Structures are given as structure tokens and as C-alpha cells.
Amino acid sequence: MPHKRVLVAVLAVVSLTASVPAAAGTEDGQRDFDWEIGTWHTDVRVLADPLSETPDEWLHFEGTSVVRPLLDRRANVVELKVANANGRIEGLNMRLYEPQAKRWSLTFVNIRDGLLTPSVYGGFHNGVGEFYGDDQLGGRPIKVRFLINQLGPFQAKFEQAFSADGGATWETNWIAVDRRR
């Protein structure tokens, strides 16, 4: 009989936590990243020379991505550490929710040079995160698009693309697939 009570209690907790993701994504979006908190194994492909006339060469890296909540989950930080035989990429992605605009800003920090990239801005619509911003590549202005697709509770895909023509066409230059550890 005690096992039956334990089972009922466990099922009650599971049913309560199963409903959290739906409730967590509040209408204004400030909990949109709750699903990503934790440690992930990440496979990253990076286009070696984006927006160039050279043939596409994709570099492959593997490592971890750790997402930590900050400020009652209205902000978070992603710590990325990936490597291959020729080198590594280490960086932080700082994400901050802007309640007045009901949007997120995402700002990447490359540990190699210690510089912040210009932020991209946006949010989630129909389960897909879309974020846009302006930057420079080789001294010329470009547009940046960052997409986030949650592919279930244990997998997500992240894509970055650049546009040199004001957003008419996009070239994907970063693809990361994360699997929850």
C-alpha cells in the first residue's frame, strides 16, 4: 500500500511539472528560454568564410553549452565551449528580456578577443525564436538573423545567417545542434 501512495505522489508531481512549460511561456515572453536551462552536448558547424566568393568550407566543432538562469529567469547566460583538432571556440551569449518592448536581446561575447557583438532582438512565435540585428563583416554593413528551434525536450537547433543585401537573401554560417545531457 505505501508503494501505491508513492506512485500517486510521483504521478501528481510529474503531471504538475509537465504543465510547467506551457505556463512558463508567459504571454509577454519573459520565460521563453526556461526550457533551455541546463547542460547540453553541442555539435557546431561554422562556415569558414561567410559572404565571400570562395567555395563553402564548413568547420565542425563539438563540446558543451551550459545555460544558466539569472535575475529570476528574465536573463540567462550561455557558456559555449567547443573544439576540433585545429582549435576551439569559447564564448558567452548574454540574453536579457526587455519587458517594455516584450522582446529579448541576445549578445555574443567571443572570449578570444573579449568583444561584444552587436545584439540581435526578437522573441518566439509559434515555437521558433527569431532574432535580427545589424553588424559589420570586413568593414561592410550586414544584417544578422538568428533562429532557435526547439526540436523536443532533449534537442534544439540554432542557426545564424548573414545578409549583405538588406535581408533579401541570407547565407547561413553557423549551425548548432544541442542535445540535453
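Above this text you will find the structure in question.
In this text the structure is predicted, and so the values were computed from the model without any measurement.

**Student:** Even after reading the chapter, I still don't get the packing of aromatic side chains, so can you show me in this structure?
**Tutor:** Think of a pair of aromatic rings as described by two things: how far the centres are apart, and how the planes are tilted against each other in angle. Across all of its chains, the model carries eight aromatic pairs by this definition. Ring plane angle 25° and centroid distance 6.3 Å describe the contact between F33 and F131, whose orientation is recorded as stacked. Taken as a pair, F33 in the loop between helix 2 (20-24) and strand 1 (38-47) and F131 in strand 8 (residues 128-137) lie far apart in primary sequence, 98 residues in all. Judged by its relative accessible area of 1%, F33 falls in the buried class. Judged by its relative accessible area of 0%, F131 falls in the buried class. Both rings, one in W35 and one in W40, keep their centres 6.1 Å apart while their planes meet at 85°; by these two values the pair is edge-to-face.

**Student:** In this structure, what is going on with the side chain of E98? I would like to understand it.
**Tutor:** With respect to the helices, strands and loops of the structure, E98 is situated in strand 4 (residues 87-98). Judged by relative accessible area, which is 14%, E98 ranks as buried. Those residues in contact with E98, other than ones at most four positions away along the chain, are R103, S105 and Y121.

**Student:** Which parts of the structure should I look at to understand the side chain of D178?
**Tutor:** Secondary-structure assignment places D178 in strand 11 (residues 171-180). Buried and unpaired, D178 has R95 as its nearest opposite-charge partner, separated by 7.2 Å. Apart from residues lying up to four places away in sequence, D178 is in contact with W40, H41, T42, S65, F154, Q155, A156 and F158.

**Student:** Honestly, the pairing of strand 11 in this entry has me stumped. Any pointers?
**Tutor:** Consecutive side chains of a regular strand alternate in pointing toward one face of the sheet and then the other. Sheet topology note: the strand 1/strand 11 ladder contains seven bridges and is antiparallel. Across the sheet, the residue bridging to V44 is A176, located in strand 11.

**Student:** I keep staring at the pattern of salt bridges and nothing clicks. Help me out?
**Tutor:** In total, this model carries 10 salt bridges according to the counting rule given. Across the pair K143 and D134 runs a salt bridge, and its minimum N-O distance is 2.8 Å. The salt bridge involving E159 is made with K157; its shortest N-O contact spans 3.1 Å. Here E159 falls in the buried class, since its relative accessible area comes to 19%. For K157, a relative accessible area of 27% corresponds to the partly exposed category. Through salt bridges with shared partners, a single network forms among R31, D34 and R73.

**Student:** Looking at this structure, how should I read the pairing of strand 5 (residues 103-110)?
**Tutor:** The buried fraction of strand 5 is high, at six of eight residues. One ladder, built from eight bridges, connects strand 4 with strand 5; its direction is antiparallel. Its bridge partner being in strand 5, Y97 is matched across the sheet by W104. By the bridge criterion, two bridges tie strand 5 to strand 6 (residues 115-116) in an arrangement that is antiparallel. Within strand 6, the position partnered with V109 by the bridge is L116.

**Student:** I tried to follow the nonpolar core on my own but got confused; where do I start?
**Tutor:** A general tendency of soluble globular proteins is for nonpolar side chains to be buried together. Ranked by internal contacts, the top residues of the largest apolar core, which has 27 residues, are L106, F131, F146, I148 and W174. It is strand 9 (residues 140-150) that provides the largest number of residues to this core, a total of four residues. When neighbours within four sequence positions are excluded, W174 is seen to be in contact with V44, R45, V46, W58, L80, I89, F146, F158, E159 and Q160.

**Student:** So what exactly am I meant to see when it comes to a nonpolar patch on the surface here?
**Tutor:** Taken together, the side chains of L70, L71 and L96 make up a nonpolar region of the molecular surface, amounting to roughly 280 Å² of accessible area. Looking at where L70 falls in the secondary structure, it is placed in strand 2 (residues 58-70). Residue classification places L70 among the partly exposed residues on the basis of a relative accessible area of 41%.

Conventions and cut-offs
Residues numbered from 1 in each chain as written. Predicted model: local features only at pLDDT ≥ 70, side-chain atom pairs only at ≥ 80, totals over all residues. Heavy atoms only, no water. Phe/Tyr/Trp six-rings, centres within 6.5 Å; stacked < 30°, edge-to-face > 60°. Helix = DSSP H or I, 4+ residues; strand = E, 2+ residues; numbered from the N terminus. Buried < 20%, exposed > 50% of the residue type's maximum accessible area, 1.4 Å probe, protein only. Contact = heavy atoms within 4.5 Å. Lys, Arg positive; Asp, Glu negative; His and termini not counted. Salt bridge = Lys/Arg side-chain N within 4 Å of Asp/Glu carboxyl O. Pairing = 2+ DSSP bridges. Core = buried A, V, L, I, M, F, W, Y, C linked by side-chain atoms within 4.5 Å. Patch = residues over 30% accessible without salt bridge, like charges linked within 9 Å, V, L, I, M, F, W, Y side chains within 5 Å. Areas by Shrake-Rupley, 256 points an atom, 1.4 Å probe, with all protein chains shown as cover.

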